[in-house]
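Inside the fold
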Amino acid sequence: MDFKNLWLRQAEGLGWITINRPDKLNALNRETIEELIQAFENWRHDEEVLAVILTGAGEKAFVAGADISELARLDESSGREYARRGQELTLIIENYPKPVLAVINGYALGGGTELAMACHLRLASETAKMGQPEVKLGLIPGFGGTQRLARLIGKGRALEVILSGRMVTASEALSWGLVNRVVPTERLMEEAENLAKEIIKNGPLALGLAIEAINRGLDRPLEEALEIEAEIFGQVCATEDAREGTAAFLEKRPPRFRGQ
Ligand code: COA
């Protein structure tokens, strides 16, 4: 399927999605949001795609936010609907059964930081800048920023970032846990690819179930969350992959996972 605003590539178990509106710093217009939803859905059951790498085209930006020309036209009901659709995309990514890595190759502002936060891992270039500048437009974050940022870096820091609207440097983002790694720009893609390839050597069902266990347990009391872990641990024990992985270790050979 051809997309107008995305460039898709599949190779060696990885699906690459590049948001491709570089002249608008890859701002998320409605059409791009719909295409992203479609692209993730297309790969959900594709056995050739074991992890997804999401990045932005050009040298300046991952995503410089929701498209401000569309935001300018929203009223109460269309604004609510717009936020819900963007949030839906972030939920699809957050609960995706395969690891999703955001490669933040420049500005990740507003919807860009929100999109990156929905991904399971974030790698940023040394020159990346993140932030939630919506208040500068008289708006607030609407694709999960007020909720995920506080969960990821704590309420105090989230309030600072959201109320000031200022840009956060890559090293600040790293020290706060907003990104997992900061990498020199010229090595960013290679490092993301290497990390993704290391991840996809592991049992594919285990990867998906680990994501599910973390997501489902995170906002619950520990005892309930541990119940969820035990239930999902039982499920993973019943898979062929678990038998293969443990047998391979005991037989001192590499595992051959089949995602079953
Ligand atoms: N929505 C729509 N268009 C955007 C955009 C956005 N979020 N961010 C950048 N663009 C467009 C600019 O309007 C410009 O288009 P034009 O060439 O047709 O005028 C183009 O992308 C390049 O951006 P420009 O502002 O000229 O680049 P810059 O290097 O001077 O500044 C930024 C970069 C990121 C600081 C600046 O573009 C910016 O502040 N963008 C908005 C960020 C934002 O508020 N995002 C949150 C939205 S909720």
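As shown above, the structure is provided for reference.
We now turn to the structure provided with this report. (Residues numbered from 1 in each chain as written. Predicted model: local features only at pLDDT ≥ 70, side-chain atom pairs only at ≥ 80, totals over all residues. Heavy atoms only, no water.)

What follows concerns the pairing of strand β1 (residues 6–11). Sheet topology note: the β1/strand β2 (residues 14–19) ladder contains 6 bridges and is antiparallel. Across the sheet, Gln10 pairs through a bridge with Gly15, a residue of β2. (Pairing = 2+ DSSP bridges. Helix = DSSP H or I, 4+ residues; strand = E, 2+ residues; numbered from the N terminus.)

Let us now look at the site of the ligand. The immediate surroundings of the ligand are formed by 17 residues, with Lys24, Lys60, Ala64, Ala66 and Ile68 found nearest. In this structure, Asp23 approaches the ligand through a main-chain N or O atom, which is 3.4 Å from an oxygen atom. Between an oxygen atom of the ligand and a side-chain N or O atom of Lys24, the distance comes to 2.6 Å. Protein chains shield 60% of the accessible area of the ligand, which is 870 Å² for the free molecule. Looking at the shell around the ligand, the elements that each hand over two or more residues are α2 (68–71) and β6 (107–109). Residues of the shell around the ligand, tallied by class, amount to 11 nonpolar, 1 polar and 5 charged. (Near = heavy atom within 4 Å. Polar contact = N/O pair within 3.5 Å; in protein donor to acceptor, adjacent residues only side chain to side chain. Areas by Shrake-Rupley, 256 points an atom, 1.4 Å probe, with all protein chains shown as cover. Nonpolar A, V, L, I, M, F, W, Y, C, P; charged D, E, K, R; others polar.)

What follows deals with the pattern of salt bridges. Considering all chains together, one arrives at 21 salt bridges under this definition. Between Glu76 and Arg80 there is a salt bridge, with the nearest N and O atoms lying 3.2 Å from each other. Placement of both Glu76 and Arg80 in helix α3 (residues 76–94) is noted, with a separation of 4 residues, approximately one turn of the helix. Assessed through its relative accessible area of 39%, Arg80 is described here as partly exposed. Two residues, Arg151 and Asp219, come together in a salt bridge whose shortest N-O distance is 3.4 Å. Pair noted here: Arg151 is in helix α5 (residues 145–153) and Asp219 is in the loop between α9 (204–217) and α10 (222–237), with a separation of 68 residues, a long-range link. Judged by its relative accessible area of 55%, Asp219 falls in the exposed class. Through salt bridges with shared partners, a single ionic network connects Glu12, Glu193 and Lys197. (Salt bridge = Lys/Arg side-chain N within 4 Å of Asp/Glu carboxyl O. Buried < 20%, exposed > 50% of the residue type's maximum accessible area, 1.4 Å probe, protein only.)

Two measures define how a pair of helices packs: the angle their axes make with one another and the distance between the axes. At their nearest, the axes of helix α4 (residues 111–118) and α5 sit 10 Å apart, and the two run at 55 degrees to each other. By the angle between their directions, the pair α4 and α5 is classed as oblique. In the packing of α4 onto α5, the handedness of the crossing is left-handed. From α4, Glu114, Met117 and Ala118 reach across to α5, where they touch Gly145, Arg148, Leu149 and Leu152. Looking at side-chain class alone, the contact of α4 with α5 contains 4 nonpolar, 1 polar and 2 charged residues. (Axes fitted to C-alpha atoms, helices over the stretch in contact; angles between N-to-C directions. Parallel < 35°, antiparallel > 145°, perpendicular 65-115°, else oblique. Left-handed = near helix turned anticlockwise from the far one by under 90°. Contact = heavy atoms within 4.5 Å.)

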